[in-house]
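Per-entry structural report
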Amino acid sequence: MRLIYPENLEDIALGAAVLGDGGGGDAYVAKLMGIDALRTHGPVQLVSPDEISDDCLVAASARIGAPTVMVEKLPKGTEVVDAFLALQTFLDRTIDYTAAAAADGLNSTTPFTVAARLGIPMVDVAGMGRACREIQMVIPTIAGIAAAPMAIADEKGNASIIDAMDNRWTNRLARTICIEMGSTAMIAAYPMSGRQLKDSMVWGTITRAEQIGQTIRRARQLHQDPIEAVRAVTGGVELCRGKVTDCSQNEAVLEVRDGQVDTSVPEVILVLDAETAAPVTTEGLRYGSRVVILSIPCDPKRRAFG
Amino acid sequence: MRIGIDVGGTNTDAVLMDGPRVVSWYKTPTTPDVSSGIISALEHVLNESQVASQRILGVMIGTTHFTNAVVERKGVIAVAAVRLGLPATEALPPMVDWPADLRDTLGNHTYLAHGGHEFDGREIAPLGEQELAEVAADIRRKGLRSVAITSVFSPVNADMEERAADILRQQAPGLFITLSHEIGRIGLLERENAAIMNACLADLAESIVNSFRAALEGLHIDAPFYISQNDGTLMSADFAEKYPVLTFASGPTNSMRGAAFLSGLQEAMVVDIGGTTSDVGMLTQGFPRESSLAVVIGGVRTNFRMPDVHSFGLGGGSLVRANGAVRVGPDSVGYELTTRGLVFGGDTLTTTDVAVAAGYVDVGEPGRVAGLDKDLVSRTLDVIQQSVDVAVDRMKTSAAALPVILVGGGSILIGRPIQGASEVIKPEHFAVANAIGAAIAQIGGEVDRVCSLENLTRDQALENAKQEAVQKAIDAGADAASVHVVDVDEVPLTYLPSNAMRIRIKAVGDLVLSGRPLGRCG
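Residues numbered from 1 in each chain as written. Chains lettered and ligands numbered in written order. Predicted model: local features only at pLDDT ≥ 70, side-chain atom pairs only at ≥ 80, totals over all residues. Heavy atoms only, no water.

Quick notes on the sheet that holds strand E5 (residues 80-86) of chain B
Residues and elements named next belong to chain B.
- Strand order in the open sheet formed by four strands is E6-E5-E7-E8, and the pairing between neighbours is parallel. Two strands bound the open sheet, and with one partner strand each, they are strand E6 (109-114) and strand E8 (176-179). Across the sheet, the mean angle from the axis of one strand to that of its neighbour is 20°, orientation sign disregarded.
- Note that E5 and E6 share six bridges and pair parallel. Paired with Arg83 across the strands is Leu112, a residue of E6.
- Against the sheet, helix H5 (residues 159-171) touches E5, strand E7 (146-151) and E8, its axis set at about 150° to E7. (Pairing = 2+ DSSP bridges. Helix = DSSP H or I, 4+ residues; strand = E, 2+ residues; numbered from the N terminus. Axes fitted to C-alpha atoms, helices over the stretch in contact; angles between N-to-C directions. Contact = heavy atoms within 4.5 Å.)

Here is the structure:
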């Protein structure tokens, strides 16, 4: 167990934005909220999966909706806690820990608000070691763990429980409710036992994000090469370095060299600014960008279940 | 004839233009009171050209004054920051991410009230009228004079901002009120930040605009005067007094527009080398390409439309150091170049000294750098050249070679071809491209309204709005032949019973001064 302070959250948000590979939306608002929660309620306990008992209860805290709406209608701050408490009430059991659903900049910082406000620990795991687009697109789904029952809450005091037949339906129903709530909402999902968490979530994701963020920050301060630092800390491979000459913008999924596939998802393919190591979003990528492309290995669980 | 003025942090430049022709120009240090610097520059250009002040039909001023005030925290006043959005938005109150010193300077007066809209136009909550009455009472008690009002999704529905302004005005008369929807786009914190910055400049806007007026009156120039905005168009002095924040980043826009005008090119890269820094930006259709990232000013995030400019530490006053590898900048002697540079009798080796030693330019006393190590000179030029090559390449949007326009006083440092440039153009009057950019700035007409699509097709609605924007630009003084639509923004408003959308259109054209449109030079 260790304590996470506002300074750590800066590093976590930066490192998670790297792992999220430019996906997951603007992490700025979520980071500010997490930092504010830590300043107001004190540091959060981050525990390793092997520190929790097999029969404890964990739920992931996350945000859904349109990122462009969240930057305009900022949260009240309590929605994510309301969702967590609604799920707890529905299950009629205390949820012992919270965790991150995915490792992008937004979702890595969101559970800290719950942990700080409720004074519960957060487990150092995520449902994916990278960004994901929909609720069901995480490793627990592959492992057969249900996202439901799931709670969703807005800033007005509305909350709802979704108990769907599978994770795809959970996502569908949640999206519909989310639109009625104003296209941005907070959720508590994937209630699972400590045992299930250990078997299906990606271990150490928050610490990994923090190490990456810290490494970039220090390298910048010391005027060292932040790219090499990221490569070393992630155990990644530099695929290439250079200038973008043409781009079709979607998602970094595949690297082809001389007609041979070199790397593909589920490995995380990172596109970083060659000077600052800041993650370059797919929208931000354009001709003339000086970038380095790294491939870092995905969690072995992703391959095992896949 | 028209006069363009650029009031920078270091220099005030003035240029007198007759149609597309530069009649005379002058560069003088900016003075603390602003107006005496302007007067001195204006006197000079009028005297030199022997043009009577009555023949001046328009004065266009570009100024970095308001940006600098926020950056240096000087001349700004306390602001009541009022946000309408409860129960949403409470997690991050106004100014939450501002540097503490600036927030303290503005007094930290933040208020949250119920109100705001959803993305689809539904109300988040009814407007908190009673809460606003209490805000007004507190504003009166604290003696605050300037207010920024920001409502959630006000770019979709501005109704609550307007109603809140009415309530505050009734209960606390005489307030300077800034409404966020008038100056910003979607993105609550950034739009609110812009509104608060505008509000904190209320006093300065009045005094600066008045000092411009006084300078012109003192010289018996009674022509209308305009101030340039960040999108390269002009606003009237009265408008600028209300919206000083719209002048932010007009500097790079002016110098790029000036470069386009002087060179006659529409598609080119502009390299503006000043005393301390260089700005590199891309011209497309004669206008700067806009940045897609959040722009931070004085530590505050904004979402202004600003030119996509890459700045780096190279200028005519940059220090040159040679302990092993040669280093150029980023520090500079700035306006002290004429006392500290070697060729001016000083003891500091600057880039200008190297350019003189290389024979690129003849200023000061070249004899003072005659003994400079040839190898050092050539290695320094390599470093300078390479930094410009890299910056140009970075800002390109395709691999094709394209023309590069060199402007700014520091462009004397470049004497070799630039990589990736089809040609390098250093136009006449390159040193005052910024003031020229202000002088030729265009005038715009804007339409911003909600259209019902009950009896109209979308295309008809757009066409009507476009014609109206064009007419507004002509009414504001634009030459009809030159007016064209530059920006079309449509937001569907699905909440209204009849299908509706918000249309924002901007048309711009060359300003006609007394029936004489501005021609194109070159």
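Back to the write-up after that little detour.
Digging into the sheet that holds strand E10 (residues 237-243) of chain A
Residues and elements named next belong to chain A.
- Strand order in this open sheet of three strands is E10-E14-E13, and the pairing throughout is antiparallel. Each end of this open sheet is capped by a strand with a single partner; those strands are E10 and strand E13 (268-273). Between one strand and the next, the sheet's axes are offset by a mean angle of 20°, whatever the strand orientation.
- Taken together, the six bridges between E13 and strand E14 (residues 290-296) define a ladder with antiparallel strand orientation. In the strand pairing of E14, Ile269 is matched with Ser295.

Topic: the confidence of the model for chain B
- Taken over all residues, the pLDDT of chain B has a mean of 88, while the share at 70 or more is 96%.
- Of the two predicted TM-score estimates for the complex, the pTM is 0.84 and the ipTM is 0.85. (pLDDT = per-residue confidence, 0-100.)

Brief notes about helix H9 (residues 250-263) of chain B
- When the terminal C-alpha atoms of H9 of chain B are compared, their 20 Å separation across 14 residues agrees well with the 20 Å that a helix rising 1.5 Å per residue should span.
- At the C-terminal side of H9 of chain B, Gly264 of chain B shows a positive phi close to 75°. (Expected span 1.5 Å × (residues − 1).)

Here we look at the environment of Ala237 of chain B
Residues and elements named next belong to chain B.
- Summarising the element assignment, Ala237 is placed in helix H8 (residues 237-242).
- When the C-alpha atoms of Ala237 and Ile61 are compared, they prove to be 9.4 Å apart, with 176 residues separating the residues in sequence.
- Not counting residues within four places of it along the chain, the set of residues in contact with Ala237 comprises Val209, Arg213 and Phe225.

Focus: the pattern of salt bridges
- A full pass over the atoms with the stated rule returns 34 salt bridges over all chains.
- Across the pair Arg241 of chain A and Glu238 of chain A runs a salt bridge, and its minimum N-O distance is 3.1 Å.
- Assessed through its relative accessible area of 45%, Arg241 of chain A is described here as partly exposed.
- The salt bridge partner of Asp159 of chain B is Arg163 of chain B, with a shortest N-O separation of 3.4 Å. Taken together, the residues span about one helical turn, with Asp159 of chain B and Arg163 of chain B both in helix H5 at a distance of four residues.
- Through salt bridges with shared partners, a single ionic network connects Asp54, Arg195, Lys198 and Asp199 of chain A. (Salt bridge = Lys/Arg side-chain N within 4 Å of Asp/Glu carboxyl O. Buried < 20%, exposed > 50% of the residue type's maximum accessible area, 1.4 Å probe, protein only.)

Focus: the nonpolar core
Residues and elements named next belong to chain B.
- Judged by nonpolar contacts, the single largest core of 60 residues is most densely connected at Ile56, Ile221 and Phe248.
- Ranked by the residues each element gives to this core, the list is headed by helix H7 (residues 202-218), at seven residues.
- Each residue touching Ile221, except ones within four places of it in the same chain, is listed here: Ile3, Leu42, Leu46, Ser53, Ile56, Val59 and Leu216.
- With 35 residues, the next largest nonpolar core counts Leu376, Leu402, Leu406 and Ile414 among its residues. (Core = buried A, V, L, I, M, F, W, Y, C linked by side-chain atoms within 4.5 Å.)

A few points about the interface of chain A and chain B
- Each side of the interface is counted separately: chain A has 28 residues, and chain B has 32 residues.
- In total, about 2,500 Å² of surface goes out of reach between chain A and chain B, with carbon and sulfur atoms giving 55% of it.
- The tally of links from chain A across to chain B stands at three salt bridges.
- With a shortest N-O distance of 2.9 Å, Glu118 of chain B and Lys73 of chain A are connected by a salt bridge.
- Counting the contacts that link chain A with chain B gives 15 residue pairs in polar contact (both at pLDDT 80 or more).
- For the side of chain A that touches chain B, the element with the highest residue contribution is helix H2 (residues 28-41) of chain A, accounting for five residues.
- By residue class, the composition of the side of chain A that touches chain B is eleven nonpolar, five polar and twelve charged. (Buried area = accessible area lost by both parts, 1.4 Å probe. Polar contact = N/O pair within 3.5 Å; in protein donor to acceptor, adjacent residues only side chain to side chain. Nonpolar A, V, L, I, M, F, W, Y, C, P; charged D, E, K, R; others polar.)

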